[in-house]
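# Observations on the three-dimensional arrangement
Listed below, chain by chain, are the residues.
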Amino acid sequence: MFAVTAARIDADNPLNGLEHGERPEPTVPEGWTTVTVKATALNHHDVWTLRGVGIREDRLPIILGCDAAGVDEDGNEVIVHSVIGDPERGGGDETLDPKRSLLSETYDGTFAEKVAVPRRNLVPKPASLSFEEAACLPTAWLTAYRMLFGKAGLEPGSTILVQGAGGGVATAAIALGSAAGYRVWATSRSGDKRERALQLGADQAFETGARLPERVDAVIETVGEATWSHSLKSLRPGGRIVVSGATSGQVPPAELNRVFFLQLSVVGSTMGTRDQLVRLARFLDVTGVRPKIDRVLPLSEARDGFAAMAEGDLFGKIVFTP
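Rules behind the numbers
Residues numbered from 1 in each chain as written. Predicted model: local features only at pLDDT ≥ 70, side-chain atom pairs only at ≥ 80, totals over all residues. Heavy atoms only, no water. Axes fitted to C-alpha atoms, helices over the stretch in contact; angles between N-to-C directions. Helix = DSSP H or I, 4+ residues; strand = E, 2+ residues; numbered from the N terminus. Parallel < 35°, antiparallel > 145°, perpendicular 65-115°, else oblique. Left-handed = near helix turned anticlockwise from the far one by under 90°. Contact = heavy atoms within 4.5 Å. Nonpolar A, V, L, I, M, F, W, Y, C, P; charged D, E, K, R; others polar. Buried < 20%, exposed > 50% of the residue type's maximum accessible area, 1.4 Å probe, protein only. Expected span 1.5 Å × (residues − 1). Polar contact = N/O pair within 3.5 Å; in protein donor to acceptor, adjacent residues only side chain to side chain. Pairing = 2+ DSSP bridges.

### Considering the packing of helix H3 (residues 137–151) against helix H4 (residues 168–179)
For the pair H3 and H4, the least separation of the axes is 8 Å and the interaxial angle reads 50°. Judged by the inter-axis angle, H3 sits oblique to H4. Where H3 crosses over H4, the two elements pack in a sense that is right-handed. In this structure, H3 uses Ala140, Trp141, Thr143, Ala144, Tyr145, Met147, Leu148 and Phe149 to contact H4, whose residues at the interface are Gly168, Val169, Ala172, Ala173, Ala175, Leu176 and Gly177. Partitioning the contact of H3 with H4 into residue classes produces 12 nonpolar, three polar and no charged.

### Examining unusual backbone geometry
In this chain, Leu60 is followed by Pro61 through a cis amide linkage whose omega measures -5°. The residue Pro61 is located in the loop between helix H1 (44–51) and strand E4 (62–63) in this model. Positive phi values are uncommon outside glycine, yet Gln263 reaches one of about 55°. You will see that Met271, though not glycine, has its phi angle at about 50°, which is positive. A residue is classified by how much of its surface remains accessible, and Met271, at 5% relative accessible area, is buried.

### Structural notes on H3
Given a rise of 1.5 Å per residue, 15 residues ought to cover 21 Å, yet the end C-alpha atoms of H3 are separated by just 18 Å, more than 12% below that figure. Of all 15 residues making up H3, 12 are buried, and the element is well covered by its neighbours. When we look at burial in H3, the residues that qualify are Leu137, Pro138, Thr139, Ala140, Trp141, Leu142, Thr143, Ala144, Tyr145, Arg146, Met147 and Leu148. Looking one or two residues past H3, Gly153 carries a phi angle of roughly 65°, positive in sign.

### Overview of the side chain of His45
Position of His45 among the secondary structure elements: in helix H1. Side chain to side chain, His45 and Glu105 meet in a polar contact 2.8 Å long. Look past the residues within four positions of His45 in its chain and what remains in contact with it is Cys66, Leu102, Leu103, Ser104 and Glu105.

### Quick look at the sheet that holds strand E16 (residues 265–268)
On the basis of which strands lie adjacent, the open sheet formed by six strands has the order E13-E12-E11-E14-E15-E16 and parallel pairing. Two strands close off the open sheet at either side, each with one partner strand: strand E13 (204–207) and E16. Sheet twist, expressed as the mean angle between neighbouring strand axes with direction ignored, is 20°. With four bridges joining them, strand E15 (residues 235–243) and E16 adopt parallel strand pairing. Of the residues in E16, the one forming a bridge with Arg240 is Ser265. Sheet strands touched by H3: strand E11 (159–162), strand E14 (216–221), E15 and E16. Its angle to E15, the strand with the most contacts, is close to 145°. Along the sheet face, helix H5 (residues 191–200) touches strand E12 (183–188) and E13 and points at about 165° away from the line of E13.

Below is the structure:
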(Lines give C-alpha, C1' and ligand atoms only; values in the text may rest on other atoms or scores of the structure.)
Protein backbone atom coordinates (compact mmCIF):
# COMPACT_ATOMS: atom_id res chain seq x y z
CA MET A 1 0.00 0.00 0.00
CA PHE A 2 1.08 3.62 -0.53
CA ALA A 3 2.21 5.42 2.64
CA VAL A 4 4.14 8.46 3.87
CA THR A 5 6.84 7.67 6.44
CA ALA A 6 9.39 9.23 8.73
CA ALA A 7 12.55 7.49 7.50
CA ARG A 8 15.14 9.50 9.45
CA ILE A 9 15.40 12.33 11.97
CA ASP A 10 16.66 15.78 11.05
CA ALA A 11 16.04 18.40 13.72
CA ASP A 12 17.05 21.32 11.47
CA ASN A 13 15.49 20.21 8.17
CA PRO A 14 12.62 17.87 9.10
CA LEU A 15 11.44 17.34 5.53
CA ASN A 16 14.74 15.58 4.81
CA GLY A 17 13.36 12.59 6.71
CA LEU A 18 10.07 12.41 4.80
CA GLU A 19 9.62 9.56 2.32
CA HIS A 20 6.68 8.06 0.45
CA GLY A 21 6.18 4.83 -1.43
CA GLU A 22 4.99 1.27 -1.01
CA ARG A 23 4.79 -0.26 2.47
CA PRO A 24 3.43 -3.62 3.69
CA GLU A 25 -0.23 -3.66 4.69
CA PRO A 26 -0.72 -3.42 8.45
CA THR A 27 -0.60 -6.46 10.72
CA VAL A 28 -3.67 -6.75 12.93
CA PRO A 29 -3.15 -7.80 16.59
CA GLU A 30 -5.95 -9.48 18.51
CA GLY A 31 -8.65 -6.96 19.37
CA TRP A 32 -7.61 -4.66 16.53
CA THR A 33 -9.09 -4.05 13.10
CA THR A 34 -8.26 -2.12 9.95
CA VAL A 35 -9.74 1.01 8.43
CA THR A 36 -9.52 1.94 4.76
CA VAL A 37 -8.48 5.58 4.96
CA LYS A 38 -10.57 8.05 2.97
CA ALA A 39 -9.02 11.22 4.41
CA THR A 40 -6.29 12.07 6.91
CA ALA A 41 -5.13 15.38 8.39
CA LEU A 42 -1.70 16.86 9.09
CA ASN A 43 -0.68 18.01 12.58
CA HIS A 44 2.34 19.68 14.13
CA HIS A 45 2.93 16.30 15.78
CA ASP A 46 3.96 14.93 12.38
CA VAL A 47 6.55 17.67 11.88
CA TRP A 48 7.89 17.17 15.42
CA THR A 49 8.28 13.45 14.73
CA LEU A 50 10.52 14.27 11.76
CA ARG A 51 12.54 16.47 14.13
CA GLY A 52 12.95 13.56 16.53
CA VAL A 53 10.65 14.85 19.28
CA GLY A 54 8.75 12.11 21.11
CA ILE A 55 10.16 9.21 19.11
CA ARG A 56 13.30 7.06 19.20
CA GLU A 57 15.36 6.50 16.09
CA ASP A 58 15.01 2.73 16.46
CA ARG A 59 11.26 3.13 15.77
CA LEU A 60 11.99 4.34 12.23
CA PRO A 61 10.80 4.01 9.58
CA ILE A 62 7.26 4.60 10.81
CA ILE A 63 4.15 5.70 8.96
CA LEU A 64 3.19 9.21 10.02
CA GLY A 65 -0.28 10.57 10.78
CA CYS A 66 -2.62 10.64 13.79
CA ASP A 67 -5.95 11.52 12.18
CA ALA A 68 -8.17 9.52 9.87
CA ALA A 69 -11.71 9.00 8.68
CA GLY A 70 -12.60 6.02 6.56
CA VAL A 71 -14.47 2.75 6.25
CA ASP A 72 -14.07 -0.19 8.62
CA GLU A 73 -14.05 -3.89 7.69
CA ASP A 74 -17.85 -4.04 7.97
CA GLY A 75 -18.39 -1.10 5.62
CA ASN A 76 -19.20 1.45 8.36
CA GLU A 77 -18.04 5.05 7.99
CA VAL A 78 -15.88 5.79 11.02
CA ILE A 79 -13.52 8.29 12.64
CA VAL A 80 -10.31 6.93 14.17
CA HIS A 81 -9.51 7.91 17.75
CA SER A 82 -5.73 8.09 17.72
CA VAL A 83 -4.98 7.69 21.44
CA ILE A 84 -3.80 4.11 22.01
CA GLY A 85 -4.27 3.56 25.73
CA ASP A 86 -6.16 1.73 28.46
CA PRO A 87 -8.84 3.78 30.25
CA GLU A 88 -8.53 1.55 33.31
CA ARG A 89 -4.85 2.41 33.73
CA GLY A 90 -5.80 6.08 33.45
CA GLY A 91 -8.56 6.02 36.05
CA GLY A 92 -11.22 6.04 33.34
CA ASP A 93 -9.33 8.37 31.00
CA GLU A 94 -7.03 6.78 28.41
CA THR A 95 -5.11 10.05 27.98
CA LEU A 96 -3.88 9.62 31.58
CA ASP A 97 -2.63 6.07 30.98
CA PRO A 98 1.14 6.28 31.67
CA LYS A 99 1.73 3.87 28.78
CA ARG A 100 -0.51 5.62 26.25
CA SER A 101 0.75 6.71 22.86
CA LEU A 102 -0.61 8.24 19.69
CA LEU A 103 -0.71 6.57 16.34
CA SER A 104 2.66 7.15 14.59
CA GLU A 105 4.59 7.01 17.88
CA THR A 106 4.64 3.28 18.68
CA TYR A 107 2.32 2.02 15.95
CA ASP A 108 2.14 3.00 12.29
CA GLY A 109 -0.08 6.00 11.64
CA THR A 110 -2.75 7.11 9.21
CA PHE A 111 -0.83 8.52 6.21
CA ALA A 112 -1.54 5.35 4.28
CA GLU A 113 -4.27 3.56 2.40
CA LYS A 114 -5.01 1.42 5.49
CA VAL A 115 -4.38 1.73 9.22
CA ALA A 116 -4.71 -0.81 12.05
CA VAL A 117 -6.29 0.35 15.32
CA PRO A 118 -7.95 -1.16 18.40
CA ARG A 119 -11.64 -1.81 17.76
CA ARG A 120 -12.64 0.50 20.64
CA ASN A 121 -10.90 3.37 18.82
CA LEU A 122 -13.53 3.50 16.09
CA VAL A 123 -16.19 6.22 16.39
CA PRO A 124 -19.21 6.42 14.06
CA LYS A 125 -18.89 9.24 11.51
CA PRO A 126 -22.03 11.36 11.25
CA ALA A 127 -23.42 11.27 7.71
CA SER A 128 -23.52 15.07 7.73
CA LEU A 129 -19.70 15.26 7.89
CA SER A 130 -17.55 14.64 4.83
CA PHE A 131 -14.56 12.34 5.23
CA GLU A 132 -12.29 15.39 4.87
CA GLU A 133 -14.12 17.24 7.65
CA ALA A 134 -14.22 14.19 9.92
CA ALA A 135 -10.48 13.61 9.47
CA CYS A 136 -9.79 16.97 11.13
CA LEU A 137 -11.39 15.96 14.43
CA PRO A 138 -9.23 13.38 16.25
CA THR A 139 -6.26 15.61 17.16
CA ALA A 140 -6.69 19.38 16.71
CA TRP A 141 -10.45 19.59 17.14
CA LEU A 142 -10.58 17.04 19.95
CA THR A 143 -7.76 18.89 21.73
CA ALA A 144 -9.66 22.18 21.43
CA TYR A 145 -12.91 20.54 22.60
CA ARG A 146 -11.26 19.17 25.74
CA MET A 147 -9.49 22.46 26.45
CA LEU A 148 -12.68 24.48 26.18
CA PHE A 149 -15.25 22.18 27.71
CA GLY A 150 -13.18 19.89 29.92
CA LYS A 151 -10.39 22.09 31.26
CA ALA A 152 -11.27 25.78 31.06
CA GLY A 153 -14.19 25.52 33.50
CA LEU A 154 -16.17 28.32 31.87
CA GLU A 155 -19.85 29.05 31.45
CA PRO A 156 -21.31 30.43 28.19
CA GLY A 157 -20.85 34.19 28.06
CA SER A 158 -17.31 33.99 29.44
CA THR A 159 -14.47 35.61 27.51
CA ILE A 160 -11.65 33.47 26.14
CA LEU A 161 -8.48 34.52 24.36
CA VAL A 162 -7.18 32.20 21.64
CA GLN A 163 -3.50 32.77 20.90
CA GLY A 164 -2.10 32.18 17.42
CA ALA A 165 -5.19 32.19 15.21
CA GLY A 166 -4.44 30.10 12.13
CA GLY A 167 -3.30 26.80 13.60
CA GLY A 168 -5.54 23.76 13.76
CA VAL A 169 -6.27 23.86 17.50
CA ALA A 170 -6.71 27.63 17.48
CA THR A 171 -9.19 27.68 14.60
CA ALA A 172 -11.09 24.83 16.23
CA ALA A 173 -11.23 26.70 19.54
CA ILE A 174 -12.57 29.82 17.83
CA ALA A 175 -15.30 27.93 16.00
CA LEU A 176 -16.29 25.73 18.94
CA GLY A 177 -16.17 28.55 21.47
CA SER A 178 -18.29 30.83 19.32
CA ALA A 179 -20.88 28.09 18.75
CA ALA A 180 -21.01 27.37 22.49
CA GLY A 181 -21.77 30.98 23.42
CA TYR A 182 -18.37 32.21 24.60
CA ARG A 183 -17.07 35.66 23.72
CA VAL A 184 -14.00 34.73 21.71
CA TRP A 185 -10.99 36.98 21.16
CA ALA A 186 -8.08 35.89 18.99
CA THR A 187 -4.54 37.04 18.22
CA SER A 188 -2.25 36.72 15.24
CA ARG A 189 0.75 38.54 13.78
CA SER A 190 -0.98 38.37 10.39
CA GLY A 191 -3.70 40.84 9.47
CA ASP A 192 -5.13 38.32 7.02
CA LYS A 193 -5.37 35.65 9.71
CA ARG A 194 -7.02 38.12 12.10
CA GLU A 195 -9.65 38.85 9.45
CA ARG A 196 -10.20 35.12 8.89
CA ALA A 197 -10.57 34.60 12.65
CA LEU A 198 -13.42 37.13 12.65
CA GLN A 199 -15.06 35.29 9.76
CA LEU A 200 -14.71 32.05 11.72
CA GLY A 201 -16.63 33.46 14.69
CA ALA A 202 -14.19 35.48 16.81
CA ASP A 203 -15.77 38.60 18.31
CA GLN A 204 -12.53 40.56 18.11
CA ALA A 205 -9.04 39.90 16.77
CA PHE A 206 -5.85 41.60 17.90
CA GLU A 207 -2.22 41.76 16.88
CA THR A 208 -0.08 39.36 18.90
CA GLY A 209 0.91 40.99 22.19
CA ALA A 210 -1.60 43.84 21.94
CA ARG A 211 -3.17 45.31 25.05
CA LEU A 212 -6.72 43.99 25.33
CA PRO A 213 -9.83 46.05 26.18
CA GLU A 214 -10.25 44.03 29.37
CA ARG A 215 -8.85 40.94 30.99
CA VAL A 216 -10.20 37.55 30.00
CA ASP A 217 -11.48 34.53 31.91
CA ALA A 218 -9.27 31.97 30.18
CA VAL A 219 -6.57 31.70 27.54
CA ILE A 220 -6.27 28.86 25.03
CA GLU A 221 -2.51 28.57 24.61
CA THR A 222 -0.73 26.49 21.97
CA VAL A 223 2.05 28.86 20.92
CA GLY A 224 4.22 28.76 24.04
CA GLU A 225 7.26 30.96 24.53
CA ALA A 226 6.30 33.73 22.10
CA THR A 227 2.89 34.43 23.68
CA TRP A 228 3.24 33.15 27.26
CA SER A 229 3.88 36.49 28.95
CA HIS A 230 0.97 38.08 27.08
CA SER A 231 -1.28 35.19 28.08
CA LEU A 232 -0.47 35.68 31.76
CA LYS A 233 -0.95 39.46 31.58
CA SER A 234 -4.29 39.04 29.78
CA LEU A 235 -5.94 37.00 32.55
CA ARG A 236 -8.26 38.40 35.17
CA PRO A 237 -7.42 37.53 38.80
CA GLY A 238 -8.29 33.87 39.29
CA GLY A 239 -8.20 33.23 35.54
CA ARG A 240 -6.85 30.15 33.84
CA ILE A 241 -4.45 29.29 31.03
CA VAL A 242 -5.12 25.97 29.33
CA VAL A 243 -2.02 24.88 27.44
CA SER A 244 -1.72 22.03 24.95
CA GLY A 245 1.32 23.00 22.90
CA ALA A 246 4.43 25.11 22.62
CA THR A 247 5.20 25.49 18.93
CA SER A 248 7.38 28.57 19.48
CA GLY A 249 9.38 27.17 22.41
CA GLN A 250 8.76 25.38 25.69
CA VAL A 251 10.80 27.39 28.22
CA PRO A 252 9.22 30.84 28.69
CA PRO A 253 9.81 32.89 31.88
CA ALA A 254 7.35 31.47 34.40
CA GLU A 255 6.50 34.84 36.04
CA LEU A 256 5.59 33.00 39.21
CA ASN A 257 4.98 36.25 41.12
CA ARG A 258 2.11 37.04 38.74
CA VAL A 259 0.79 33.47 38.99
CA PHE A 260 0.58 33.36 42.77
CA PHE A 261 -0.32 37.00 43.42
CA LEU A 262 -3.28 36.91 41.00
CA GLN A 263 -4.06 33.29 41.86
CA LEU A 264 -3.87 32.19 38.26
CA SER A 265 -4.21 28.56 37.19
CA VAL A 266 -2.07 26.86 34.55
CA VAL A 267 -3.72 23.66 33.30
CA GLY A 268 -2.20 21.18 30.88
CA SER A 269 -4.34 19.37 28.34
CA THR A 270 -3.50 16.61 25.87
CA MET A 271 -5.83 15.20 23.22
CA GLY A 272 -9.14 13.81 24.51
CA THR A 273 -10.95 10.57 25.25
CA ARG A 274 -12.91 8.41 22.86
CA ASP A 275 -16.14 9.51 24.56
CA GLN A 276 -15.20 13.16 24.04
CA LEU A 277 -14.58 12.45 20.35
CA VAL A 278 -18.08 10.95 20.13
CA ARG A 279 -19.55 14.08 21.73
CA LEU A 280 -17.47 16.37 19.50
CA ALA A 281 -18.77 14.65 16.37
CA ARG A 282 -22.31 14.94 17.73
CA PHE A 283 -21.75 18.65 18.51
CA LEU A 284 -20.75 19.33 14.91
CA ASP A 285 -23.65 17.27 13.59
CA VAL A 286 -26.17 19.23 15.67
CA THR A 287 -24.73 22.75 15.35
CA GLY A 288 -23.53 22.69 11.76
CA VAL A 289 -20.05 23.88 12.79
CA ARG A 290 -17.41 22.54 10.41
CA PRO A 291 -13.61 22.42 10.51
CA LYS A 292 -11.82 25.11 8.55
CA ILE A 293 -9.82 23.28 5.88
CA ASP A 294 -6.90 25.20 4.42
CA ARG A 295 -6.31 22.79 1.52
CA VAL A 296 -6.87 19.19 0.42
CA LEU A 297 -3.94 17.42 -1.25
CA PRO A 298 -3.40 13.90 -2.55
CA LEU A 299 -1.23 11.89 -0.17
CA SER A 300 1.39 11.68 -2.91
CA GLU A 301 1.86 15.47 -2.50
CA ALA A 302 2.20 15.33 1.29
CA ARG A 303 5.59 17.08 1.15
CA ASP A 304 3.86 20.29 -0.02
CA GLY A 305 1.56 20.14 3.01
CA PHE A 306 4.46 19.57 5.41
CA ALA A 307 6.33 22.51 3.89
CA ALA A 308 3.32 24.80 4.36
CA MET A 309 2.96 23.77 8.01
CA ALA A 310 6.69 24.17 8.72
CA GLU A 311 6.53 27.71 7.27
CA GLY A 312 3.26 28.62 9.03
CA ASP A 313 1.59 29.16 5.67
CA LEU A 314 -1.87 27.88 6.56
CA PHE A 315 -5.17 28.77 8.20
CA GLY A 316 -6.99 25.71 9.44
CA LYS A 317 -6.28 22.09 8.58
CA ILE A 318 -4.30 20.50 5.78
CA VAL A 319 -6.02 17.29 4.66
CA PHE A 320 -4.60 14.45 2.55
CA THR A 321 -6.63 11.95 0.52
CA PRO A 322 -5.01 8.62 -0.44
